[in-house]
Amino acid sequence: MDSSKAIGFSTDIKYLKGVGSKRAELYHKLGIDTVSALLHFYPREYEDWSRTVSIAEAPFDEKCCIKAIVGHDAAEYRIRKGMTLYKTSVTDGQSVMNITIFNNKYAAARLKTGEEFLFFGKVGGTFLRREMNSPLIAKAVSGEKIRPIYRQTEGISSTLTEKLMTQAVSCIKETMYDFLPEYIREKYELLPYGEALKKIHFPSSFEDVEKARKRLVFNELFTLQLGMIRLKGRNRQQTSCNIKKDYTDEFFSLLPFSPTGAQKRAVEDAVRDMFLSVPMSRLVQGDVGSGKTAVAAAVIYTAAKNSLQSSMMAPTEILARQHYKSLTDFFKGTDVKCGLLTGSMTKKEKDEVKAKLESGEIQVVVGTHALIQSNVKFKNLGLVITDEQHRFGVEQRSALAEKGKNPHTLVMSATPIPRTLALIIYGDLDISILDELPPGRQPVETYCVQGKLHKRVYNFIKKQLDEGRQAYAVCPLVEEGDTDLISAEEYAHKLSEGEFRDYTVGLIHGKMKPAQKDEVMEAFASGKIQLLVATTVIEVGVDVPNAAVMVIENAERFGLSQLHQLRGRIGRGKHKSTCILISDAQNPDTKERLKVMCQTCDGFKIADEDLRLRGPGDFFGSRQHGLPGLKLASTLTDTSFLAITRDAAQETWKWDPLLEKPEHSGIKKAVDALFKSAGENIFN
Ligand code: ADP
Ligand code: MG
């Protein structure tokens, strides 16, 4: 393609200068394919190169920008093979500072004697001998600006993205279409869309950044909230599933433990909802191990005693069976009967359960999405529960609900989302939070170690196994195109033939048949397997209290929230538990992520860190959560803004609920697009 051809929003980024098909591929992995998508890849932070400090006043160990003249051409020192240092000194006219550059001949050669540059980095050394190692360097004058810093991945540096962005913003014309009508922009003092896009990437002041952010966050929250208002309105019809009596105390007396205060509150919330003639629509959110299953069981019990059937859907076969077992245990000796329905059961077994459901002989069915199938019928379905709900699309939830006459719905999620954000994300649900763990739990001690310590890690595990505990070994997350990493089978083989040949080693992974998986889980739960090699299939829900050790290989490959879920499989019993993250990652961001794991077991804190480190775009990436994606809006800073956008959305909605007025056509499109990305069709 002729490179002089004008680029537009829909241009494929491979036609930008500096991008070939190889780099384009890397950007595609980040979800960026067009210029427009690139423009919506916002900086994660900024570096202020516009304000410089003198060498004497530079703070220690804090990034700053120093403008100085090069004293002499850099001298080269070959330290050892593959390591060359370049040293020079620079002056700002008053003091001198030494500069060291590692292995970068090109950067060193740029520093010509007598020329002025900006040096960005941390100042070290002593007061008399100040120094800066591997600074970022830019020409003085032209470099004195606020620079955007983008998320980096292998092969894509922030500087590269910055270069491409200068080309991308050049296609923003002043006449660019703005989907927000002028009356809204004026009322809320918002920049035009195009201007905001330009300024978020290339602000001339931090005031610019704030203004641009305000406009772009408004876009996200406003469209999200409009969609949520629409969803909420759609769900609130009358129901005849209201209950007459609360049986919670009776249920609690059946439990082998006393419920926590948080569990009591959540059950109370849900039961109160069920007395009403509008269906319950509630989210129970609780960190791993907070005891969500008992909450569900309590609500199911009261429903059953009020002659309402319940159905509980879990995302995996393993979990469905586990819940089935918990519920049957809880309800032992009562007249509440449960059934199980999963894809791997024989037709005969399934038919039997289905018949009992239709006749009302059983009051509770637990299952996988096999429950959604049209031939599953209920006598009187009054309560629908979905576990680990981010695994299900909103549509699956409603397909299940359609089997009853506006039944109550309860969704349970272990993804700890800060409350403010939960309020918008689950705008159509009421929320109960389990913010208290059952007593006696000890936080899981977590360490991050390098691969060379494998031997010691294995010895530690053996010692634990000898003491009667069990352990998980989570094998590396294999990505497409990986060649250097071994598969789960090979890894299990290596351990069972080698280090752990005197122990029983089992293997569970996603490609196994459900019945096989069950067999393995049974064997692990009953203690027959001592060391379970697993992939992330064990990530959600699995509960084996005697498992007290977990080692995670190539921990850098997992997201923080995912690590937290994995780690949640241990520390569930009375034994002190240990989690060992093995990683040789050198990337500072990655190291920081793993450090967070070692510092806290609090899911909410980890979620916040995850948000901060990866950006909310990833955290709420619709692919993972089935929820609309937010790029910029985050709980950390935008709480006050939530109220403003909610008002704006409500105002627009009152005036034009279906967004049919011509001035709202752009908004309608935006709301539509946002929710379609999460698999939800909002205007029909
Ligand atoms: P999650 O919220 O992760 O789904 P579970 O429902 O699987 O947690 O519960 C974790 C474990 O804690 C289970 O073994 C369960 O029996 C136990 N448990 C739940 N509530 C309590 C409680 N109040 N006291 C003691 N143990 C409890
Ligand atoms: Mg659970």
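The rules behind the values
- Residues numbered from 1 in each chain as written.
- Chains lettered and ligands numbered in written order.
- Predicted model: local features only at pLDDT ≥ 70, side-chain atom pairs only at ≥ 80, totals over all residues.
- Heavy atoms only, no water.
- Helix = DSSP H or I, 4+ residues; strand = E, 2+ residues; numbered from the N terminus.
- Buried < 20%, exposed > 50% of the residue type's maximum accessible area, 1.4 Å probe, protein only.
- Contact = heavy atoms within 4.5 Å.
- Areas by Shrake-Rupley, 256 points an atom, 1.4 Å probe, with all protein chains shown as cover.
- Near = heavy atom within 4 Å.
- Polar contact = N/O pair within 3.5 Å; in protein donor to acceptor, adjacent residues only side chain to side chain.
- Pairing = 2+ DSSP bridges.
- Axes fitted to C-alpha atoms, helices over the stretch in contact; angles between N-to-C directions.
- Parallel < 35°, antiparallel > 145°, perpendicular 65-115°, else oblique.
- Left-handed = near helix turned anticlockwise from the far one by under 90°.
- Nonpolar A, V, L, I, M, F, W, Y, C, P; charged D, E, K, R; others polar.
- Expected span 1.5 Å × (residues − 1).
- Salt bridge = Lys/Arg side-chain N within 4 Å of Asp/Glu carboxyl O.
- Arc of directions from axis to C-beta.
- Core = buried A, V, L, I, M, F, W, Y, C linked by side-chain atoms within 4.5 Å.

Visitor: With reference to specific residues and values, describe the overall build of the protein.
Guide: In terms of regular secondary structure, the protein is built from 24 helices and 22 strands. Expressed as a percentage of the 684 residues in the protein, the buried residues total 52%. Put simply, 73% of the contacts in the protein that link residues at least 6 apart link residues at least 24 apart. For the protein, the exposed area adds up to about 32,300 Å²; of that, 50% sits on carbon and sulfur atoms.

Visitor: Now, about the environment of G125: what can you tell me, with residues and values included?
Guide: Tracing the backbone shows G125 in strand β6 (residues 116-125). Here the alpha-carbon distance between G125 and N98, two residues 27 residues apart in the chain, equals 9.0 Å. Ignoring any residue separated from it by four or fewer positions in sequence, one finds G125 in contact with F60 and E131.

Visitor: Give me the site of ligand 1: which residues, what numbers.
Guide: Around ligand 1 lies a shell of 16 residues, among which G289, K292, T293, R441 and D543 are the nearest. Here Q263 contributes a side-chain N or O atom positioned 2.9 Å from a nitrogen atom of ligand 1. K292 has a polar side-chain atom sitting 2.8 Å from an oxygen atom of ligand 1. Expressed as a share of its isolated accessible area of 570 Å², the protein-covered part of ligand 1 is 84%.

Visitor: Pulling in residues and values, what's your account of the sheet that holds strand β16 (residues 430-434)?
Guide: Spatially, β12-β13-β11-β14-β15-β10-β16 is the arrangement adopted by the seven strands of the open sheet, whose pairing is parallel. Two strands in the sheet have a free side with no partner beyond their single neighbour: β12 (338-341) and β16. The mean angle between the axes of side-by-side strands here comes to 20°, regardless of whether they run parallel or antiparallel. With five bridges joining them, strand β10 (residues 281-286) and β16 adopt parallel strand pairing. Bridging across to β16, V284 finds its partner in S432. Against the sheet, helix α10 (residues 292-305) engages β10, β11 (309-313), β13 (364-367), β14 (381-387), β15 (408-413) and β16, with an angle of about 175° to β14. Lying over the sheet, helix α11 (residues 317-330) contacts β11, β12, β13 and β14, oriented at roughly 175° with respect to β12.

Visitor: Talk me through the packing of α11 against helix α17 (residues 514-525); I want residue IDs and the actual numbers.
Guide: Here α11 crosses α17 at 55°, and the two axes come no closer than 9 Å. With respect to each other, α11 and α17 are oriented oblique. Two packed elements cross with a definite hand, and for α11 against α17 that hand is right-handed. Residues E317, I318 and R321 of α11 form the contact with α17, whose own contacting residues are P514, K517, D518 and M521. Residues that form the contact of α11 with α17 fall into these classes: three nonpolar, no polar and four charged.

Visitor: Which residues make up α17, and what are the values?
Guide: With 12 residues, α17 should reach 16 Å at 1.5 Å per residue; the first-to-last C-alpha distance of 16 Å fits that figure. All of the buried residues along α17 are K517, D518, V520, M521, A523 and F524. One or two positions beyond α17, positive phi appears at G527, with a value near 90°.

Visitor: Give me the pattern of salt bridges: which residues, what numbers.
Guide: Overall, the coordinates contain 28 salt bridges when judged by the stated rule. The partner of D178 in a salt bridge is R215, and the shortest N-O contact between them spans 2.9 Å. Of this pair, D178 sits in the loop between α4 (158-169) and α5 (182-187) while R215 is found in helix α7 (residues 206-235), placing the two residues 37 residues apart along the sequence. Across this residue pair, the class does not change: D178 and R215 are buried.

Visitor: So, helix α6 (residues 193-201): which residues are in play, and what are the values?
Guide: Of the residues making up α6, those classed as buried are Y193, G194, A196, L197, I200 and H201. For α6, the angular spread of the buried residues around the axis is 165°, confining them to a single face.

Visitor: Could you give an account of the sheet that holds strand β20 (residues 531-534), naming the residues involved and the relevant values?
Guide: Reading across from one edge, β17-β22-β21-β18-β20-β19 is the order of the six strands in this open sheet, with parallel pairing throughout. Strand pairing shows two members of the sheet lacking a second neighbour, β17 (445-449) and β19 (505-508), which therefore form its edges. Pairs of neighbouring strands in the sheet enclose a mean axial angle of 20°, with direction left out of account. Summarising the sheet, strand β21 (residues 547-552) and strand β22 (residues 578-582) pair through four bridges and their orientation is parallel. Paired with V551 across the bridge in β22 is I580.

Visitor: Could you give an account of unusual backbone geometry, with specific residues and numbers?
Guide: A positive phi is found at E189, a non-glycine position, where the angle reads about 50°. Positive phi is not limited to glycine here, since N554 has a value of about 45°. Examined against the element boundaries, N554 turns out to sit in the loop between β21 and α18 (560-567).

Visitor: For the nonpolar core, give the residues involved together with the corresponding values.
Guide: Core analysis: the biggest nonpolar cluster contains 54 residues, and Y27, L38, L180, F218, F222 and I667 have the highest contact counts within it. Secondary-structure elements contributing two or more residues to this core are α1 (21-29), α2 (35-39), α4, α6, α7, α23 (639-655) and α24 (665-676). Top element by residues in this core is α7. It accounts for 12 residues. In this structure, L308, F330, V336 and L383 belong to the second largest nonpolar core, which totals 38 residues.

Visitor: Tell me about the packing of α18 against helix α19 (residues 588-599), and please be specific about residues and values.
Guide: For the pair α18 and α19, interaxial distance at closest approach is 10 Å and the crossing angle is 35°. Where α18 crosses over α19, the handedness of that crossing is right-handed. Where α18 approaches α19, its residues L560, L563, H564 and R567 are matched on the opposing element by R593, L594, V596 and M597. Here the contact of α18 with α19 is composed, by residue class, of five nonpolar, one polar and two charged.

Interpretation note: all reported values are geometric properties and have no functional meaning in isolation.
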